Amino acid sequence: MSSRPPTPHLSKSNRNAGAPEKPATMTVGFILLPGFPLMSYAAAVEPMRAANTLLDSEVYRWWHAAPGGGAVQASNGIAILPDVDVGDTNLDADRVFVCAGGNPAAFDDPALTAWLRHLARRGITLGGISGGPYLLARAGLLTGRRCTLHWEHVPAFEERYPDIEVVRSLFEIQDDRITCSGGIAALDLMLNLIERDHGPGLANGVSDWFLHNQIREGLSPQRMDLRLRLGVRDPRLLRVLAAMEANLEAPLSRQALADLARVSIRQLELLFRNRIGISLHQHYLALRLDRAHRLRRESALSSADIALATGFTNAAELARAERRRRQKGTALPDTAGNE
C-alpha cells in the first residue's frame, strides 16, 4: 500500500484567479504500531481515497509514522513504509490516528508518548482506532473524556484507567478527540467525518462506492446481538445470557438466573444443554476464564486482582480452573490483532 506524501496546503493566493475555489485539503496522519489490525487501518484510509476520486480533487492526503522507523507489519504480515518520523515537529496534520491491535497495554514508547502530547498542544485532533486509545490514555490525553475501543480491550482498559469513561459504541467524536472500536467501525467513523467535512452527499457516495448500504451512528453497539452471535432465539435464555455477560465480577447464583428466566433451576439447565450444548456452569465459567485471560494479557493486575475481577475467591482457585481448562484442551481466546 502507498500513500500520498504530505505537501503544503494551497493558499487562496496560490489558486488561479477566477477559477472555482477548490475544497481545502485535509491532512490525516496514521501512527501504526507493530501488529496493527490491517482491516481497521484500511477501513479508515480507503474512504478518503474514494472521496478524492469522487470529487476529482485531493481533499484528503495522508501519511504514516511508526515507532522505531522502518517498515511496520500489520497483524497479517503486510508491511507499510512510514513517510514521517515519530517526533517530527514540523509536519502537516489536521487529524492523527493511532492504530493498534494485539496487546496495546504492553506497548510503552516514551518518544511516541511525548510526540502525542506535542501534537495535542498544537491543537491537532487526535484519535485512536481499535487498541489505539490505550496510547492516548497513557499520554494523559483522554482524561475527563469519553472514549471507546475494541470490546476485547475494554476490561483491561477499565481496570487500568478507572477515571476514563468507556462506552461500548462504534466510535466517539468528542471535540478534538476521536476514538473508534476498530474493524468495519472505522469505515462508519470516516463516513461520519466526511459528512462533517464535505456534506452528506459525498458521505453517501463513498458509502455506496463500498457497497455499504447503511452508515451507522457512533452509538450503535459493537457486538452482534446475542441471538445472532450464539444462535439463540429463546427469550428466557437470552435474558440469562445477557445477565451472565454483565455479571462476571460477582457471578449470579443459579437461582437468580432461573428467576430471570422465570423457570426452575432444572428447566434452565435443560435449556442450556439443549440450546447451548453445555451446562449453565460450564458456560458461565468459560466467560469468566476468557475475561481472566484477556486481563492477564493486557493489564498489570496481579493474579489475585484478576481472580477478584472475574468472580473467583482467590488466585489459587482461578489457577485451578485455568489448569483444568488446559487439561481438557479447551482453547483460550486469541483474537489479538484481528479487529
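Residues numbered from 1 in each chain as written. Predicted model: local features only at pLDDT ≥ 70, side-chain atom pairs only at ≥ 80, totals over all residues. Heavy atoms only, no water.

Enquirer: Could you give an account of the overall build of the protein chain, with specific residues and numbers?
Expert: When you go through the protein chain residue by residue, the secondary structure sums to 13 helices and 10 strands. Considering the protein chain as a whole, with its 339 residues, one finds that 49% of them fall into the buried category. Partitioning the intrachain contacts of the protein chain with sequence separation of at least 6 by distance along the chain shows that 66% fall at a separation of at least 24. (Helix = DSSP H or I, 4+ residues; strand = E, 2+ residues; numbered from the N terminus. Buried < 20%, exposed > 50% of the residue type's maximum accessible area, 1.4 Å probe, protein only. Contact = heavy atoms within 4.5 Å.)

Enquirer: Tell me about helix α6 (residues 200-209), residues and numbers included.
Expert: If you check which residues of α6 are buried, you get L202, A203, V206 and S207. Along the axis of α6, the buried positions cluster into a sector of 135 degrees, meaning they face one direction only. Of the residues in α6, the exposed ones pointing more than 90 degrees away from the buried face are G201 and D208. Lining the buried residues of α6 we find α1 (38-55) and α5 (185-198). (Arc of directions from axis to C-beta.)

Enquirer: Which residues make up the sheet that holds strand β9 (residues 171-174), and what values go with them?
Expert: Taken in spatial order, the six strands of this open sheet run β2-β1-β5-β6-β10-β9, and their pairing is mixed. Across the chains shown, the open sheet's two edge strands, defined by having one partner strand only, are β2 (60-65) and β9. Geometrically, the sheet is characterised by an average inter-axis angle of 15 degrees between neighbouring strands, direction not taken into account. As paired strands, strand β1 (residues 26-32) and β2 are joined by six bridges and run parallel to one another. Looking at β2, one finds that G29 is bridged to W63. α1 rests against β1, β2, β5 (95-100) and β6 (125-130) of the sheet, and its axis sits at about 150 degrees to β2. The sheet strands contacting α5 are β1, β2, β5, β9 and β10 (177-180), and the helix crosses β9 at an angle near 30 degrees. (Pairing = 2+ DSSP bridges. Axes fitted to C-alpha atoms, helices over the stretch in contact; angles between N-to-C directions.)

Enquirer: Describe the packing of aromatic side chains, with residues and values.
Expert: We describe a pair of aromatic rings using the distance from one ring centre to the other and the angle between the two ring planes. Applying the stated criterion across every chain yields a total of seven aromatic pairs. Arranged with centres 5.9 Å apart and planes meeting at 80 degrees, the rings of F36 and Y41 form a pair that is edge-to-face. An angle of 50 degrees between the planes, with centres 5.1 Å apart, marks the rings of F157 and Y161 as tilted. For the pair shown, F157 and Y161 are each scored as buried. Members of the aromatic cluster, connected to one another through ring pairs, are F30, F36, Y41 and F97. (Phe/Tyr/Trp six-rings, centres within 6.5 Å; stacked < 30°, edge-to-face > 60°.)

Enquirer: I'd like a description of a positive patch on the surface, backed by residues and values.
Expert: On the surface, R320, R323, R324, R326 and K328 cluster together to form a positively charged patch. As for its placement among the helices and strands, R324 is situated in helix α13 (residues 315-328). (Patch = residues over 30% accessible without salt bridge, like charges linked within 9 Å, V, L, I, M, F, W, Y side chains within 5 Å. Areas by Shrake-Rupley, 256 points an atom, 1.4 Å probe, with all protein chains shown as cover. Salt bridge = Lys/Arg side-chain N within 4 Å of Asp/Glu carboxyl O. Lys, Arg positive; Asp, Glu negative; His and termini not counted. Charge placed at Lys NZ, Arg CZ, Asp CG, Glu CD.)

Enquirer: Just give me the short version of the pattern of salt bridges, but keep the residues and values in it.
Expert: In the structure shown here, the tally under the stated rule is 14 salt bridges. Two residues, D108 and R138, come together in a salt bridge whose shortest N-O distance is 3.7 Å. In this pair, D108 sits in the loop between β5 and α2 (110-121) while R138 sits in helix α3 (residues 133-138), placing the two residues 30 residues apart along the sequence. On the accessibility criterion, D108 (51% relative accessible area) is exposed. Overlapping salt bridges bring together R145, D176 and R177 as one network.

Enquirer: Explain the packing of α1 against α5 residue by residue, including any values.
Expert: Where α1 meets α5, the axes come as close as 7 Å, and the angle between the chain directions of the two elements is 30 degrees. Regarding α1 and α5, the two cross each other, and that crossing is right-handed. Contacts from S40, A43, A44, P47, M48 and A51 in α1 reach A186, L187, M190 and I194 in α5. Residues that form the contact of α1 with α5 fall into these classes: nine nonpolar, one polar and no charged. (Left-handed = near helix turned anticlockwise from the far one by under 90°. Nonpolar A, V, L, I, M, F, W, Y, C, P; charged D, E, K, R; others polar.)

Enquirer: Outline α1, listing residues and values.
Expert: When the terminal C-alpha atoms of α1 are compared, their 26 Å separation across 18 residues agrees well with the 26 Å that a helix rising 1.5 Å per residue should span. Buried within α1 are the following residues: L38, S40, Y41, A43, A44, V45, P47, M48, A50, A51 and N52. (Expected span 1.5 Å × (residues − 1).)

Enquirer: Quick rundown of the nonpolar core? Include the residues and the values.
Expert: By size, the foremost hydrophobic cluster in this structure holds 43 residues, and its most contacted members are I31, W115, L116 and F157. Listed by contribution, the elements that provide at least two residues to this core are β2, β5, α2, α3, α4 (154-160), α11 (280-298), α12 (303-309) and α13. The dominant element in this core, judged by the number of residues it contributes, is α2, at five residues. If sequence neighbours within four positions are ignored, F157 has contacts with P133, Y134, A137, L142, C147, L149, I164 and V166. Core analysis: the next-biggest nonpolar cluster, separate from the first, contains 39 residues, V45, M48, Y60 and L193 among them. (Core = buried A, V, L, I, M, F, W, Y, C linked by side-chain atoms within 4.5 Å.)

Enquirer: With reference to specific residues and values, describe the pairing of β6.
Expert: In terms of burial, β6 is largely enclosed, as six of its six residues are buried. Where β5 and β6 come together, six bridges link them in parallel fashion. Looking at β6, one finds that F97 is bridged to G127. Considered for its hand, the β-α-β crossover made up of β5, α2 and β6 is right-handed. Relative to β10, β6 is paired through four bridges, and the arrangement is parallel. (Right-handed = clockwise from strand over helix to strand, strands pointing away.)

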